[in-house]
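Summary of structural features
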Amino acid sequence: MEKAKNVKTDQLGQHLTDNDQKVLTTNDGVPVYDNNNTLKAGNRGPSLQQDHIYFDKMAHFDRERIPERVVHARGSAAHGLFEATGDLSEYTTAAFLKKGTKTPVFTRFSTVAGFKGSTDLARDVRGFSVKFYTEEGNYDLVGNNIPVFFIQDAMNFPDLVHAVKPEPNNEMPQAASAHNTFWDFISLMPESAHMIMWVMSDRAIPRSLRMMEGFGVHTFKFVNDEGKSTFVKFHWKPRLGVHSVAWNEAQKISGFDADFHRRDLWEAIENGDFPQWDLGVQLIPEEDELKFSFDILDPTKIIPEELVPVKIIGTMTLNQNPENFFAETEQVAFDPGRLVPGIDISDDPLLQGRIFSYMDTQNYRLGGPNFHELPINRPINGKHNNQKDGFGRMDILKGAVSYFPNSKAEGCPYHAMLKGKTTGFQSHRQAIDASKVRARSDSFADHFTQARLFFHSQSPEEQEHIISALSFELSKVDDVNIRRRELAILNQVDKDLAKKVGDNLNLTPPKELDELTLKFARQNHPEYPIKPKKPEVEKSEALSMKITPGEGTIETRKVAFLVDDGVSKTSVDRMKKALEKEGAQAVLIASHVGKLQFKEGGTEDVQHSYLTDSSVLYDAFYTPDGDSVKKLADNPDYIQFINEGFRHCKAIAFAKEAEELIKETLVKEDQGVILESTKDLINDFITAMKGHRVWDREKPRKVPA
Ligand code: HDE
């Protein structure tokens, strides 16, 4: 697929500033002859207040930061294209969803809780925001990599965020939910139970942003040309499959490379390995709104794919990195209220509340109401209205008319009409007959059935990881009452789960929900607990990452070749060739960077050393033949690479002469450990990598690393 170079120019409506071969100037274009010295009274004297060149430079610098996003501050983004492949004309008029239409996009991935400079590998939900620059204006699908949310009503959102963010007295911990205030809040909010299962699963520690699913989370509406609506849920399915790292690994990655996900996305795009996702929809006829055992307006619920299959309607390809992080990734303004004709919001009370918050936050963060004129936010079809003033207005809008109706501009800009018929964005004409209330529907009161569905749909290894994550988090909570309250919630989800977590906390899970939890739940549902309806399914295959490993490909996976001077070039090259044929990447790691000496003579430039790199940055390991083997036997960093790789359940291959090294390590042979004398070195190694991880290895018990 070709790069979207021209898309960028269209979107920006201007060429990027090219500083090459230009004289340095102030921001007003005045040429500067000395960019090193302030203006002084004598070369050892005080600085002068008339130094307008220094003021121009420093005043700009002093304002170079804007408020970071209050949530989702840490993010990485890329440009790309969306191509519609399905026929949706029966359901929606949205022009960008018409089969064959190609639409430029800008997609930003993020963590939620951490500050802008925090680690990529926090245990957290990932934001998955896509801005479609359609011919009918911008459409923002601002979703997450988890299909449900912690809370049901927007009113609780500031409290949720205050609880998960660093505690306000000491601003600790950074980018972590494992602390008192988060679990205090969660253990009083049983509606969070389903989301907690997902965030404690490996979905919250992705291997790559390119290997995550995305979800619109809420139920939206498609509206067709007769004004008829169909409920819709959006899904992004990654072509590379859904994969995660191990928690022990995630914590170490945060130390070795806090930019791990950002770098991975950037490098993949620079290498031409453009990540792709298929966009899928679940369509629910309006008449079926109330037919399920759960409420489709409740954002803590999924619609199991067994009940409503996901229909693929298009593909997104990210094919161009931003040129300037601040101008694009930082200044992009997403808003679920940016809708195009044919797509509308449902009455989900969380979604309804989001419509205010995003617009409001962008006005604050980007300093005023003209943020839509920033190049990254401009619609490609232009904007035409009667607004002219306001902070940061970038266009010079001509003429005396800034009101409607007018006669002086011949009524322009005029209402969207086509052949006498109203076009443009129209809200679904939904009939409403209701009393104004502050209340929660009792159809939102079943908090545990889908949490159970998720837990029961996981493979045994995934279940173990959830138990470990909950045990980790609750061990970091030092208030035993909070631990006990959450255990009571877990006990409603699954007895075995609660018992295993309880064992790690040395607590017996209470049978009933805590009095305090019940008190808060009854604020929304006076009769709580309310007997749940019988669920349609007890298990859903699509919820397990193990059962849906994507295409079982090793494309773009990084394999560490553990070498040193004297390594055999033949042994390196044959494995490298085979891996590259599969689309994987071989990275040589030696005791020094620079020229690596081969046994057969000749050298190769090496960019990575045992000093700079760690096993956690790689997917698999290969030790080739050669005189390097003797050096590696005495290299503690090499031994750590292997032991840690083994602990994190990765594939490890040894060429024949390197097999003796296994004695120096804690590795025990299994299907992911490939010795050349007993297995097919290349093919078995690739097969093991295709399985992502040998999770079975965790059963006997993890090796120290
Ligand atoms: Fe957000 N959310 N959110 N959120 N959210 C923001 O907007 C908010 C929610 C999501 O890459 C903020 O520009 C409220 C659900 C993403 O720039 C803010 C509620 C989902 C991003 C905000 C929610 C999301 C945000 C902070 C409950 C998944 C990053 C900065 C009513 C469907 C967008 C900003 C980007 C960002 C408010 C709940 C996803 C404050 C009030 C549910 C991916 O406006």
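Residue numbers here run from 1 along each chain, matching the order of that chain's written sequence. Residues qualify for local features only when their pLDDT is at least 70, as the model is predicted, and side-chain atom pairs are given and counted only at 80 or more; totals for whole chains, interfaces and linings, by contrast, use all residues. Hydrogens are left out, water is left out, and the side-chain values use all remaining heavy atoms of the structure.

1. A closer look at the domain arrangement of the chain
Marked domain ranges trace back to an automatic or database domain assignment. According to the domain assignment, the chain contains domain 1 (39–377), domain 2 (449–543) and domain 3 (558–701). Once you take the C-alpha centre of each, domain 2 and domain 3 turn out to be 41 Å apart.

2. Things to note about helix H10 (residues 449–456)
A turn of α-helix holds 3.6 residues, and therefore any two residues three or four places apart point the same way. Accessible area is worked out with a 1.4 Å probe on protein chains only. A residue is then buried under 20% of its type maximum, exposed over 50%, and partly exposed in between. Note on conventions: DSSP H or I runs of at least 4 residues are helices, E runs of at least 2 residues are strands, and numbering of each starts at the N terminus. In terms of burial, H10 is a largely internal element, six of the eight residues being buried. Buried within H10 are the following residues: Thr449, Gln450, Ala451, Leu453, Phe454 and Phe455. Where H10 is buried, its residues contact helix H5 (193–199), helix H11 (460–475), helix H12 (480–493) and helix H13 (495–505). The contact criterion used throughout is that any non-hydrogen atoms of two residues lie within 4.5 Å.

3. Observations concerning empty space enclosed by the protein
A 1.4 Å probe that fits into a set of points on a 1 Å grid over the protein atoms alone but cannot get out defines a cavity; an open set with protein on both sides within 12 Å along at least five of seven lines defines a pocket, and lining residues are those with an atom within 4 Å of a point. Grid points are joined across faces, edges and corners, and a volume is the space filled by probe spheres set on the points. Inspection of every chain in the model, using the stated rule, returns six cavities of 30 Å³ or more. Space inside the largest cavity adds up to approximately 180 Å³. Around the largest cavity, the lining comprises 19 residues; the ones closest to its centre are Pro147, Phe215, His235, Gln282 and Ile302. With three residues, strand S7 (residues 229–238) is the single largest residue contributor to the lining of the largest cavity. Three classes are used, and their members are as follows: Ala, Val, Leu, Ile, Met, Phe, Trp, Tyr, Cys and Pro are nonpolar, Asp, Glu, Lys and Arg are charged, and the others, Gly among them, are polar. Residue classes in the lining of the largest cavity are distributed as 10 nonpolar, four polar and five charged. Taken domain by domain, the makeup of the lining of the largest cavity includes at least three residues from each of domain 1 (39–377) and domain 2 (449–543). Together, Ser293, Phe294, Lys301, Pro304, Asp446, Thr449, Gln450, Leu453, Lys533, Pro535, Glu536 and Val537 line the second largest cavity. Its residues assigned to classes, the lining of the second largest cavity comprises five nonpolar, three polar and four charged.

4. A word on the coordination of the iron atom of the ligand
Metal coordination here is assigned from N, O and S atoms located within 2.8 Å of the ion, or within 3.2 Å for Na, K and Ca; omission of water means that sites may look incomplete. Protein coordination of the iron atom of the ligand rests on one atom only, Tyr358 (OH), at 1.8 Å. By the secondary structure assignment, tyrosine 358 is in helix H9 (residues 349–365).

5. Points about the site of the ligand
Around the ligand, the structure places 24 residues, and the nearest of them are Arg69, Arg108, Ser129, Tyr358 and Gln362. Any pair of N or O atoms that falls within 3.5 Å is considered a polar contact. Within protein, one atom must be able to donate a hydrogen and the other to accept it, and sequence-neighbouring residues count only if both atoms are side-chain atoms. In the model, an oxygen atom of the ligand is placed 2.8 Å from a nitrogen or oxygen of the arginine 69 side chain. Within the side chain of arginine 108, one N or O atom sits 2.7 Å away from an oxygen atom of the ligand. Sorting the residues of the shell around the ligand by element identifies strand S3 (126–134), strand S4 (137–144) and H9 as the ones contributing at least two each. Looking at side-chain class alone, the shell around the ligand contains 11 nonpolar, 10 polar and three charged residues. Any residue with a heavy atom positioned within 4 Å of a molecule or strand is treated as near that molecule or strand.

6. What to know about the pairing of strand S2 (residues 102–111)
A large share of S2 lies buried, amounting to nine of its 10 residues. Two strands pair if DSSP finds at least two bridges between them. The pairing of strand S1 (residues 75–84) with S2 spans nine bridges and is classified as antiparallel. Residue pairing in the sheet places alanine 77 in a bridge with arginine 108 of S2. Sheet topology places S2 next to S3; seven bridges connect them, and they run antiparallel. Each bridged residue has a counterpart across the sheet, and for threonine 107 the counterpart in S3 is valine 130.

7. Some details on the side chain of threonine 665
Checked against the element boundaries, threonine 665 lands in the loop between strand S19 (651–654) and strand S20 (673–675). A distance of 2.7 Å separates a polar atom in the side chain of threonine 665 from the backbone oxygen of isoleucine 662. Only 3.2 Å separates the side chain of threonine 665 from the backbone nitrogen of valine 667, close enough to count as a polar contact.

8. Quick look at the packing of H10 against H11
Angles shown run from 0 to 180 degrees and are taken between the N-to-C directions of axes, each axis being a line fitted to C-alpha atoms and, for helices, limited to the stretch in contact. Running from N to C, H10 and H11 point in directions that differ by 125 degrees, and their axes come no closer than 9 Å. Here H11 runs oblique to H10, going by the angle between their axes. Facing H10, whose interface residues are Phe454, Phe455 and His456, H11 presents Gln463, Ile466 and Ile467. Split by residue class, the contact of H10 with H11 holds four nonpolar, two polar and no charged. Angles are sorted into four bins: roughly parallel if under 35 degrees, roughly antiparallel if over 145, roughly perpendicular if 65 to 115, and oblique for all others.

9. Looking at the sheet that holds strand S13 (residues 558–562)
In spatial order, the strands read S17-S14-S13-S18-S19-S20; together these six strands make up an open sheet with parallel pairing. Whereas interior strands pair on both sides, the edge strands pair on one side only; in this sheet they are strand S17 (608–609) and S20. Direction of pairing for strand S14 (residues 585–590) relative to S17: parallel, over a ladder of two bridges. In the strand pairing of S17, isoleucine 589 is matched with histidine 608. Set on the sheet, helix H15 (residues 569–581) makes contact with S13, S14, strand S18 (620–623) and S19; between it and S13 the angle comes to about 175 degrees.

10. Things to note about the layout of surface pockets
Computed from the structure, the second largest pocket encloses a volume of approximately 1,200 Å³. Around the second largest pocket, the lining comprises 33 residues; the ones closest to its centre are Glu136, Gly137, Asn381, Gly382 and Lys383. Breaking the lining of the second largest pocket down by element, the ones donating at least two residues are S4 and H9. Across the lining of the second largest pocket, the residue classes break down as 13 nonpolar, 14 polar and six charged.

11. With respect to the packing of helix H3 (residues 157–164) against helix H4 (residues 180–187)
Across the interface, H3 lies against H4 with an axial gap of 6 Å and an inter-helix angle of 145 degrees. For the pair H3 and H4, contact is made by Asp159, Leu160, Ala163 and Val164 and by Thr181, Phe182 and Phe185, respectively.

12. Quick word on the nonpolar core
Joining through side-chain atoms within 4.5 Å is the link that ties buried Ala, Val, Leu, Ile, Met, Phe, Trp, Tyr and Cys residues into a set, and such a set is a nonpolar core. Phe150, Trp183, Met197, Leu470, Leu497 and Val501 are the most contacted members of the largest nonpolar core, which has 55 residues in total. Element by element, the count of residues in this core is highest for H5, at six residues. Apart from the residues within four sequence positions on either side, phenylalanine 150 is in contact with Val125, Leu160, Phe182, Ile186, Glu191, Ser192, Met195, Ile196, Val199 and Thr300. Core analysis: the second largest hydrophobic core is formed by 36 residues, Leu88, Val105, Val130 and Phe220 among them.

13. Remarks on the pattern of salt bridges
Salt bridge, as used here: a side-chain nitrogen of Lys or Arg that lies within 4 Å of a carboxyl oxygen of Asp or Glu. Applying the stated criterion across every chain, the model contains 38 salt bridges. The partner of arginine 69 in a salt bridge is glutamate 330, and the shortest N-O contact between them spans 3.6 Å. With a gap of 261 residues between them, arginine 69 in the loop between helix H2 (52–62) and S1 and glutamate 330 in helix H8 (residues 325–330) connect regions that are remote in the sequence. Accessibility classification places arginine 69 together with glutamate 330 in one group, the buried group. Residues aspartate 619 and arginine 557 are paired through a salt bridge, measuring 3.2 Å at the closest nitrogen-oxygen approach.

14. What about the environment of aspartate 140?
Looking at the secondary structure, you find aspartate 140 in strand S4. Considering only alpha carbons, one finds aspartate 140 and alanine 498, 358 residues apart in sequence, at a separation of 39 Å. With residues up to four places along the chain from it excluded, the contact list for aspartate 140 reads Val130, Lys131, Ala333, Phe334, Asp335, Pro336 and Arg338. A distance of 2.9 Å separates a polar side-chain atom of aspartate 140 from the backbone nitrogen of aspartate 335.

15. Comments concerning a nonpolar patch on the surface
By definition, no residue in a patch forms a salt bridge, and every one has over 30% relative accessible area; like charges are joined within 9 Å, nonpolar side chains (Val, Leu, Ile, Met, Phe, Trp, Tyr) within 5 Å. Per-residue and other accessible areas follow the Shrake-Rupley method at a 1.4 Å probe size, with only the shown protein chains counted as cover for residues. Judged by side-chain polarity, Tyr54, Phe55, Met58 and Phe61 come together as a nonpolar surface patch covering roughly 370 Å² of accessible area. Accessibility expressed as a relative area gives 35% for tyrosine 54, which makes it partly exposed.

16. Considering the side chain of arginine 393
Relative to the elements of secondary structure, arginine 393 occurs in the loop between H9 and strand S11 (417–418). At 2.8 Å, the side chain of arginine 393 and the backbone oxygen of lysine 388 are in polar contact. In this structure, arginine 393 is in contact with Asn370, His372, Glu373, Lys383, Gln387 and Lys388, ignoring residues within four places of it in sequence.

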